[in-house]
Amino acid sequence: MIVGASIAGCAAAIMYAQQGLRIALLDARSDIRAHKVLCTHHLQPCGAPILQRLGATEKLLALGMVETVPKFWTPWGMITPDAAENSPPPGFNVRRETLDPLLRQLANDYQNVDLLLGHRVSGLLTKNGTTAGVYGTEQGSAFTVEARLTVGADGKDSTVARSARCDSVSASNGRFSYFAQLSGLERPDGESSLSWFMDPDVAYLLPNDGGISVLVVFPALDKLGPFTDDLSTAFLAYANALPGAPPVRREHIFGKIVGTKHFSTTLTDPVGNGFALIGDAAATNDPLWGIGCSWALETAQMLVDATAQMLTETT
Ligand SMILES: Cc1cc2nc3c(=O)[nH]c(=O)nc-3n(C[C@H](O)[C@H](O)[C@H](O)COP(=O)(O)OP(=O)(O)OC[C@H]3O[C@@H](n4cnc5c(N)ncnc54)[C@H](O)[C@@H]3O)c2cc1C
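In this text, all values refer to a predicted model and were calculated from it rather than measured experimentally. (Residues numbered from 1 in each chain as written. Predicted model: local features only at pLDDT ≥ 70, side-chain atom pairs only at ≥ 80, totals over all residues. Heavy atoms only, no water.)

Q: Just to check I follow, could you spell out the sheet that holds strand β4 (residues 66–68) for this structure?
A: One key point about sheets: their strands pair by backbone hydrogen bonds, in either a parallel or an antiparallel sense. With antiparallel pairing, 3 strands are arranged side by side in an open sheet as β3-β7-β4. The open sheet is flanked by β3 (42–43) and β4, the only strands paired with a single partner. (Pairing = 2+ DSSP bridges. Helix = DSSP H or I, 4+ residues; strand = E, 2+ residues; numbered from the N terminus.)

Below is the structure:
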């Protein structure tokens, strides 16, 4: 049973299902098209083979997912990966409103995946000191689900991790972040993802599906004041001061500017009797590195590859 039907949970459900296992996939949210809002949509290359294994790559490309390579602005000059054989493989940019529903639908398409939406887990069932499932509420009614393995894929501040009393360490963040989806912005570098490593500030301009570009800024915390006073003015001023960036105007901003002021990172002990954690539930990384989605895919794959055969043999 998997708690959390987002990237990590759907990926694990699909890979278990491909090996013939039966999975209950629970999520607190009730809409199959729900998506994570606080994310800037870059998938590092290490996630690409796993997207392929899920059968998602071609479908996402058809929905406009952008294959992209980075270019880095630094105070010491530009770094542009060349076409040499050892240059990094491309990553992808795809908005979560495109990615999340597709992964959830792919999981739901397997007959051996029971997608249980609107199921909020609040604690773990235990038998003889071993985790044996979960309990929670669905539309105000109590439910329980028993399983041989309970997977916590329920993101940052995981209920599964807290209920299992996993050890964890956290660190505070020296930067805050804000981002916006921009429509109609000039893309001077085509499908390249522009990165500004300004030490200590960092910013990215990411071409995405639907002709949208995502601009995300990670200034050091001492610059927070103007963003708190007048977010859109501070965001635009910051964007237009980025060296070599295309001009960003207020009318480019599509939807809200969103972000996080004090985003702590957490590393959690990810396994115990009868349960395992994957994705943000296991390690919530600094969003600065745009690695969380591929980490979610990689940890799902690690768990499935380590446990599927044993679970199949004991079914
Ligand atoms: C500002 C910001 C920008 C980011 N940008 C990037 C980026 O560009 N690239 C990148 O790779 N990563 C990025 N990340 C990180 C990325 O968003 C996460 O690492 C990723 O979403 C983790 O996926 P997950 O499946 O582990 O968890 P989540 O996507 O958080 O999903 C958890 C799921 O569990 C469900 N759930 C939670 N609690 C319960 C419960 N009690 N019962 C039932 N269901 C529950 C939720 O509804 C949700 O569906 C960013 C993060 C932030 C904060």
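Still more ground to cover, so stick around.
Q: What's the story with the environment of Glu 67 in this structure? I'm lost.
A: Residue placement: Glu 67 occurs in strand β4. Taking the C-alpha atoms as reference, Glu 67 lies 9.9 Å from Asp 209; in sequence the two are 142 residues apart. Other than its neighbours up to four places away in sequence, Glu 67 contacts Pro 90, Gly 91, Phe 92 and Glu 191. (Contact = heavy atoms within 4.5 Å.)

Q: Would you explain the pattern of salt bridges in this entry?
A: Pairing between side chains becomes possible if they bear opposite charge and their charged atoms approach one another. Counted according to the given criterion, the structure contains 11 salt bridges. Residue Glu 146 is joined to Lys 127 by a salt bridge in which the shortest nitrogen-to-oxygen separation is 3.1 Å. With Glu 146 in strand β11 (residues 141–146) and Lys 127 in strand β9 (residues 119–127), this residue pair connects regions lying 19 residues apart in the sequence. With relative accessibility at 47%, the residue Lys 127 sits in the partly exposed group. Here Asp 201 makes a salt bridge to Lys 223, at a shortest N to O gap of 3.0 Å. Here Asp 201, found in the loop between β15 (193–197) and β16 (202–207), pairs with Lys 223, found in the loop between β17 (212–218) and α6 (224–229); they are 22 residues apart in sequence, far enough to count as distant. (Salt bridge = Lys/Arg side-chain N within 4 Å of Asp/Glu carboxyl O. Buried < 20%, exposed > 50% of the residue type's maximum accessible area, 1.4 Å probe, protein only.)

Q: Help me understand empty space enclosed by the protein, please; the structure alone is not making it clear to me.
A: In this approach, a probe sized like a water molecule rolls over the atoms, and the result shows the empty space that is left. The tally for this structure, following the rule as stated, stands at 2 cavities of 30 Å³ or more. When its volume is computed, the largest cavity comes out at roughly 70 Å³. The wall of the largest cavity is formed by Glu 186, Arg 187, Pro 188, Asp 189, Gly 190, Ser 192, Leu 194, Leu 205, Leu 206, Pro 207 and Ser 213. When residues of the lining of the largest cavity are assigned to their parent elements, the largest contribution, 3 residues, is made by β16. Taken together, the residues of the lining of the largest cavity sort by class into 5 nonpolar, 3 polar and 3 charged. Of the pockets and cavities examined, the second largest cavity occupies roughly 40 Å³. In terms of lining residues, the second largest cavity is bounded by Asn 173, Arg 175, Phe 176, Ser 177, Phe 218, Thr 260, Lys 261, Phe 263, Asp 286 and Pro 287. Residue composition of the lining of the second largest cavity, by class: 4 nonpolar, 3 polar and 3 charged. (1 Å grid on protein atoms, 1.4 Å probe; cavity = no way out; pocket = protein on both sides within 12 Å on 5 of 7 lines; lining within 4 Å. Points joined across faces, edges and corners; volume = space filled by probe spheres on them. Nonpolar A, V, L, I, M, F, W, Y, C, P; charged D, E, K, R; others polar.)

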